[in-house]
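Fold and geometry: a report
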Amino acid sequence: MERRKYPLYFSFPALFVFLLFFIAPTLIGVYYSFTDWNVNADSISFIGFDNYKALFGEPRLGKALSNTLIFAAAVTLLQNAVGLGLALLMNEAIRMRNLFRTIFFMPYVIAPIVIGYVFRAIYHPEHGIVNEALGWIGLGALGQDWLNDPKWALFSIIATDIWRVAGFAMVVYLAGLQFIPKDLTESASIDGASYWRRFRHIVFPLLAASFTVNVLLSVIGSMKVFEMVMVLTDGGPGYTTEVFYTYIRSTFSMGQMGYSTAINLVLFVLVTVVGVPVLAALKKREVEM
């Protein structure tokens, strides 16, 4: 009995750190979301659900919520589509594929803030590469002020983030492709199955575990987007690209600590409400190899 318990002792330091730096601050944050804590107050008072009443009556919350959900849906869908396409291509026996894999993955290891500043220059309405390239191919009339036009600002941020994270999805799918027995696809090919039928009936079902990991990480990560939006538009023009974390940042900067903590808790609940059903649905379709 003692031998079976002995390895558990080694988990106590990690468990202590987790309780101290995650569980305890989370519980304290929940309490402070029900207070009037702000930098100008001489004392902190319990005010019940007043922060939440004010929050759900704030028009900016609705805009932040819709932008966050649109961003999460678009990035999750396109990141996985592009990542899967790159993985299938990079899984083929092509020249210098390891170099191409590295190139496609490289944006993911660069800090989002750095990428944001680079793409601010790329999207510049007068000297940016995007508008310059459109001009070179005779489509200069399609040039836009990509980050200051409300119609294009959120789309530009989504495109930038997909460029950044698609390589990560590619690597996860590539790992899954390595474990698919070649005998299955070769046998199907000999039997006359087309590439699409082999992908649909053999490859894609056996990539279910990789698909689950990628989709879940995409959903959670994109709903917590902050740096890319902050650097590219800071929630503007107006509030057309406002997301939860830029809204939280603005309230924190005004010293509304209790109110900001309430917004954080709402985001936590939102991520949980979206993430848990997605995980449950994807787990059902996983196929044991």
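All values reported here derive from a predicted model rather than from experimental measurement. (Residues numbered from 1 in each chain as written. Predicted model: local features only at pLDDT ≥ 70, side-chain atom pairs only at ≥ 80, totals over all residues. Heavy atoms only, no water.)

**Details of the side chain of Ser260**
Topologically, Ser260 is positioned in helix α14 (residues 257-284). There is a polar contact of 2.7 Å between the side chain of Ser260 and the side chain of Thr251. Those residues in contact with Ser260 that lie beyond four places of it in its chain are Ile248, Thr251 and Phe252. (Helix = DSSP H or I, 4+ residues; strand = E, 2+ residues; numbered from the N terminus. Polar contact = N/O pair within 3.5 Å; in protein donor to acceptor, adjacent residues only side chain to side chain. Contact = heavy atoms within 4.5 Å.)

**Quick look at the UniProt feature "domain: ABC transmembrane type-1" (unreviewed entry) in the protein**
The feature "domain: ABC transmembrane type-1" (unreviewed entry), as annotated in UniProt, sits at residues 65-278 in this numbering. Along residues 65-278 the backbone is 74% helical and 0% strand, and the end-to-end C-alpha distance reaches 18 Å. (UniProt positions renumbered as here; feature names shortened; annotations may be inferred.)

**What about the pattern of salt bridges?**
Enumeration according to the criterion identifies three salt bridges in this entry. A salt bridge links Arg60 to Glu242; the shortest N-O distance between them is 2.5 Å. Remark: Glu242 occurs in the loop between α12 (227-232) and α13 (244-253) and Arg60 occurs in helix α4 (residues 59-90); sequence separation between them is 182 residues. A single burial state applies to Arg60 and to Glu242, both of which are buried. Note that Arg164 and Asp161 form a salt bridge whose closest N and O atoms lie 3.3 Å from each other. Within this pair, Arg164 and its partner Asp161 are both found in helix α8 (residues 153-178), separated by three residues, close to a single helical turn. Of the two residues, Arg164 and Asp161, neither departs from the other in class, the shared state being buried. (Salt bridge = Lys/Arg side-chain N within 4 Å of Asp/Glu carboxyl O. Buried < 20%, exposed > 50% of the residue type's maximum accessible area, 1.4 Å probe, protein only.)

**Quick word on unusual backbone geometry**
Omega for the bond connecting Gly236 with Pro237 falls within 30 degrees of zero, at -5 degrees, which places this linkage in the cis form. Its place among the elements puts Pro237 in the loop between α12 and α13. A positive phi angle, near 55 degrees, is found at Asp234, a position not held by glycine. Mapped onto the elements of the fold, Asp234 is located in the loop between α12 and α13. With a relative accessible area of 41%, Asp234 lands in the partly exposed category.

**Here we look at the packing of aromatic side chains**
Any aromatic ring pair is given by two values, namely how distant the centres are and how the planes are angled relative to each other. Considering all chains together, one arrives at 19 aromatic pairs under this definition. Relative to Phe46, the ring of Tyr31 lies with its centre 6.5 Å away and its plane at 25 degrees, an arrangement referred to as stacked. In this pair, Tyr31 sits in helix α2 (residues 12-32) while Phe46 sits in the loop between α2 and α3 (50-56), placing the two residues 15 residues apart along the sequence. Residue Tyr31 is classed as partly exposed on the basis of its relative accessible area, which comes to 43%. A centroid spacing of 6.5 Å and a plane angle of 85 degrees characterise the contact between Tyr247 and Tyr259, whose relative ring orientation is edge-to-face. With Tyr247 in helix α13 and Tyr259 in helix α14, this residue pair connects regions lying twelve residues apart in the sequence. You'll find Tyr247 and Tyr259 in the same group, each marked buried. Through successive ring pairs, a cluster of aromatic residues spans Tyr31, Tyr32, Phe34, Trp37, Phe46, Phe49 and Tyr52. (Phe/Tyr/Trp six-rings, centres within 6.5 Å; stacked < 30°, edge-to-face > 60°.)

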